[in-house]
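A closer look at the structure
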Amino acid sequence: MQRIMVCVKRVIDYNVRVRVKPDGSGVVTEGVKMSINPFDEIALEEALRIKERGEATEVVAVSLGPDDAQQQLRTALAMGADRAILVKADAGLDPVTVSEALMALVRKESPDLVLLGKQAIDDDAAQTGQRLAALWDRPQASAASKIEVQGDWLRVTREVDAGLEVNEVDLPAVVTVDLRLNEPRYVKLPDIMKAKKKPLDATDLQALGVSVSEDLKVLKWDPPPQRSKGVMVKDAAELVDALKQKGLL
Amino acid sequence: MSQVLIVAEHSGGQLSPATSKCVTCARGIPDAVITVAVLSDSGAGVAAQAAELEGVSKVLLVDNPANAQPLAAVLAPQVAALAKDCSHVLGTSTTFGKDLMPRVAALLGAPQLSDVMAVESANRFRRPVYAGNAIVTVEVPAGRQLVCTVRVASYDAAPEGGDAPVESIALDSALPRHTRFVSVSAPDSGRPDLQTASRVVSGGRAFGSKEKFESIYQLADKLGAAVGASRAAVDAGYAPNELQVGQTGKIIAPELYVAIGISGAIQHMTGIKDAKTIVAINKDPDAPIFEVADYGLVGDLFAILPELEKLV
Ligand SMILES: Cc1cc2nc3c(=O)[nH]c(=O)nc-3n(C[C@H](O)[C@H](O)[C@H](O)COP(=O)(O)OP(=O)(O)OC[C@H]3O[C@@H](n4cnc5c(N)ncnc54)[C@H](O)[C@@H]3O)c2cc1C
Ligand SMILES: Nc1ncnc2c1ncn2[C@@H]1O[C@H](COP(=O)(O)O)[C@@H](O)[C@H]1O
């Protein structure tokens, strides 16, 4: 195949303990570490491996977000993407808008494969890839834990509730990736220097002919109900007694 | 009036308990008229089970050999055709629903709310974001068609006792051939299902090997419990992926959850927030899991497990 497009979202790093602002207007983002969505890093790693095996010729990283999302695209270039595209937009777009913008890019770039994360760890929506596949009228394989390129089709192993499901999908296709697909490489310093010279183009939603969907309006943000700390027991016997008393055993 | 369409999840001729929980969620939508759609190659039995759920007004049965396996690309155009005039289209927040519903939503040109955990009105819902570290209340414009996946751990199963009519219909949607089902590994462990079990015993990285992880199964069998695992245990190959509990695994709500040698990372805790009672066994008194455990026991699991097994 020719071109793989990989979606890279800028999100709060997965190690940060996310907190709701006291006024309920959102979560605290000031001074918080931002990273590539962990699933997207795996998607990018997979694209690079496919290219390194000689099964694709170009990897294009795409992000929608504020100017700061360039940082994540630079990281993607340092990992090995050939070029990057930033679609300038406010943070907090919903999957309707993102998938429409991606569809507009797909028309321009004609990728053979679009790789996305199975979910973004901020909105936890798990929608964008499947929506794109529908708009594009192409196959989808979500939550992939193995991707085998077979010429003009893929054999994809997916993590489903029952275990592992294997599907065949014709290219072009949309695949969303799960955590066990691979382990992303570390970025080395020389790669960061080299990445500075790689092309990073910017466009915006208007240029793509996409308007921002305002159907989903967040009225308020609440912290989750807290579980209170329980009691410590000294040994297995005390534990079993306690559970029996509560009628749990 | 809200016309609610629920897409049934089923396998091996059995309606999934997750679908019954969707019905409970749908009953919370004011003035809901609930239709369940069963897409299958031979779904009469599943349709009959759906018809028995209280609150269901009608069951639509679409039998087609192409529907033998749950391929989203094949099912989505059919669901979209059935849902044309519905106000709400609901699916389960399981791998089945997560795969299918966004594709349906895009075909309908509708927004989707994932993991709905509470219905506040016909157009206002609550759902978790940031791995459950925040809950948002979201509103869609009144009258806007909406697709939802339902966070099944937030709802009880709908009671039986209904007697809805089943209507067989033929759809002439053109179905794609670009996606083909090959296989699914569904090892039947003979143990209770992780997502519906009332007791779950889970193991983490601490077990150190697949062989040692076996002792979890012994305890689970004594308790009649399902077995779960942390991502670390699955990644290390101690347990298969379908046992993973957490943000990217299964979200469960058992009566009793026993976490053994699991530290309690946010992503794991997301999966067990709705458990009624949490028990943690860990050698580190500062393990974060103890912050949320109802009963905590500090000690070496390899000493504690055999004792527990003897006592229960
Ligand atoms: C995007 C993303 C999604 C994720 N999704 C999930 C998910 O769905 N589910 C999930 O579980 N994780 C998930 N994780 C991983 C998560 O962050 C943790 O890495 C993982 O849960 C750790 O598993 P663990 O508790 O088994 O291992 P550890 O964190 O290594 O904990 C092992 C624990 O065992 C204790 N221990 C060691 N030896 C003994 C002994 N002999 N006796 C008693 N106790 C002992 C230790 O004190 C320690 O607390 C995700 C991570 C990311 C980035
Ligand atoms: N703003 C964005 N920029 C780039 N990719 C995105 C964006 N939003 C979503 N995606 C992609 O879509 C996947 C699923 O996101 P979501 O549907 O929001 O859970 C993510 O893992 C990304 O690969």
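To start, this report covers the structure provided alongside it.

What follows deals with the site of ligand 2. Residue and element names in this part refer to chain A. With respect to spatial proximity, 18 residues lie near ligand 2, and among them D40, L64, A120, A126 and T128 are the closest. Interatomic distance of 2.7 Å between a side-chain N/O atom of T128 and an oxygen atom of ligand 2. Taken by itself ligand 2 offers 480 Å² of open surface, and the protein chains cover 98% of this. Put simply, the parts of the chain that give the shell around ligand 2 at least two residues each are β4 (58–65) and β6 (113–117).

Attention now moves to helix α5 (residues 210–223) of chain B. Residue and element names in this part refer to chain B. The terminal C-alpha atoms of α5, which comprises 14 residues, lie 21 Å apart, in line with the 20 Å expected from a rise of 1.5 Å per residue. Among the residues of α5, F213, S215, I216, Y217, L219, A220 and L223 are the ones counted as buried. Where α5 is buried, its residues touch β14 (199–203), β15 (226–229), α6 (231–235), β16 (256–260) and α8 (301–311).

Residue position: V234 of chain B is located in helix α6. It is 8.4 Å that separates the C-alpha atoms of V234 of chain B and G204 of chain B, two residues lying 30 residues apart in sequence. Those residues in contact with V234 of chain B that sit more than four places away from it in its chain are R180 of chain A together with A229, A239, P240, N241 and Q244 of chain B.

Residues and elements named next belong to chain B. An order of β7-β11-β6-β1-β4-β5-β12 is seen for the seven strands of this open sheet, with the pairing classed as parallel. With one partner strand each, in any of the chains shown, β7 (112–116) and β12 (166–168) form the two edges of the open sheet. Averaged over all neighbouring strand pairs, the angle between strand axes comes to 25°, with direction disregarded. Bridge count for strand β1 (residues 2–7) against strand β4 (residues 32–40) is six bridges, and the pairing is parallel. Note on β4: the bridge partner recorded for I6 is V36. Contacts between helix α2 (residues 44–51) and the sheet are confined to β4, β5 (56–63) and β12, with β5 contributing the most and set at about 170° to the helix.

This part covers the site of ligand 1. Residues in close proximity to ligand 1 total 30 residues, the closest being R205, S230, V245, S263 and N282 of chain B. Proximal residues around ligand 1 fall on chains A and B, making this an inter-chain site. One of the backbone N or O atoms of Q247 of chain B is found 3.1 Å from an oxygen atom in ligand 1. One of the backbone N or O atoms of G249 of chain B is found 3.4 Å from an oxygen atom in ligand 1. Elements supplying a minimum of two residues to the shell around ligand 1: α1 (38–52) of chain A together with α6, α7 (266–269) and α8 of chain B. Residues of the shell around ligand 1, tallied by class, amount to 12 nonpolar, 13 polar and five charged.

What counts, and where the lines are drawn
- Residues numbered from 1 in each chain as written.
- Chains lettered and ligands numbered in written order.
- Predicted model: local features only at pLDDT ≥ 70, side-chain atom pairs only at ≥ 80, totals over all residues.
- Heavy atoms only, no water.
- Near = heavy atom within 4 Å.
- Polar contact = N/O pair within 3.5 Å; in protein donor to acceptor, adjacent residues only side chain to side chain.
- Areas by Shrake-Rupley, 256 points an atom, 1.4 Å probe, with all protein chains shown as cover.
- Helix = DSSP H or I, 4+ residues; strand = E, 2+ residues; numbered from the N terminus.
- Expected span 1.5 Å × (residues − 1).
- Buried < 20%, exposed > 50% of the residue type's maximum accessible area, 1.4 Å probe, protein only.
- Contact = heavy atoms within 4.5 Å.
- Pairing = 2+ DSSP bridges.
- Axes fitted to C-alpha atoms, helices over the stretch in contact; angles between N-to-C directions.
- Nonpolar A, V, L, I, M, F, W, Y, C, P; charged D, E, K, R; others polar.

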